[in-house]
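These are the residues of each chain, in order.
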Amino acid sequence: MTWLKRFMRHVWMSPLIARRAFTEETLRAIEAAVATCEQTHRGQVRFVVEAELHTHQLWAGLTSRARALEVFSGLRVWDTEENNGVLIYVLLADRKVEIIADRGIHAKVGTERWRAICKEMELNFRKGDFREGSVNAIHKVGVELAFYFPPHGQLTNEQSDKPVML
């Protein structure tokens, strides 16, 4: 995608458009899916939606992946006892989904599996199915976490289950 085309997508995107895609009902479904999936493992899942990047971010060539890493750091998703936090990041203007996983889980799952979940989510989003795409992705991330970090003892919720709209 050319720089100008990307720039125009971000100019035309707005938080209002993001709210139409991620309604209150959809956000509640995402929060419930995170809470439910976290009962099956010791990991932590965060879900973030960002409508668009600012002009200076675009001018600097900030990619969706680099922005997801910034958000991962800013929300301290990495700050879990077992290094098993996972961020699902949606950048609507770029029509991109990124999964950033802390080193404890990423080393076990690997880039290809995370990318497959992202691609499936992006396909659902192209159809306008933001709720189903998000909930399914959370479930699939939860399956990976449950396999490598099964529950034992008292589960501690180290991160908020509530999705973040930036």
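Residues numbered from 1 in each chain as written. Predicted model: local features only at pLDDT ≥ 70, side-chain atom pairs only at ≥ 80, totals over all residues. Heavy atoms only, no water.

Trainee: What is the right way to look at the sheet that holds strand E2 (residues 85–91) in this model?
Mentor: Paired through backbone hydrogen bonds, the strands of a sheet run either parallel or antiparallel to each other. Here four strands make up an open sheet; going across it, the order is E3-E2-E1-E4 and the pairing mixed. Here the strands that pair on one side only, and so sit at the sheet edges, are strand E3 (96–101) and strand E4 (164–165). The pairing of E2 with E3 spans six bridges and is classified as antiparallel. Across the sheet, residue Val90 finds its bridge partner in E3, namely Val97. Here helix H7 (residues 111–126) sits on the sheet in contact with strand E1 (44–50), E2 and E3, set at roughly 150° to E3. (Pairing = 2+ DSSP bridges. Helix = DSSP H or I, 4+ residues; strand = E, 2+ residues; numbered from the N terminus. Contact = heavy atoms within 4.5 Å. Axes fitted to C-alpha atoms, helices over the stretch in contact; angles between N-to-C directions.)

Trainee: How do you make sense of a nonpolar patch on the surface when you look at a structure like this?
Mentor: A cluster of nonpolar side chains, contributed by Trp3, Leu4, Met8, Val11, Trp12 and Trp59, occupies part of the molecular surface with about 750 Å² of accessible area. At five residues, the largest contribution of residues to the nonpolar patch is made by helix H1 (residues 3–12). With respect to the element layout, Trp3 can be found in helix H1. Residue Trp3 is classed as partly exposed on the basis of its relative accessible area, which comes to 39%. (Patch = residues over 30% accessible without salt bridge, like charges linked within 9 Å, V, L, I, M, F, W, Y side chains within 5 Å. Areas by Shrake-Rupley, 256 points an atom, 1.4 Å probe, with all protein chains shown as cover. Salt bridge = Lys/Arg side-chain N within 4 Å of Asp/Glu carboxyl O. Buried < 20%, exposed > 50% of the residue type's maximum accessible area, 1.4 Å probe, protein only.)

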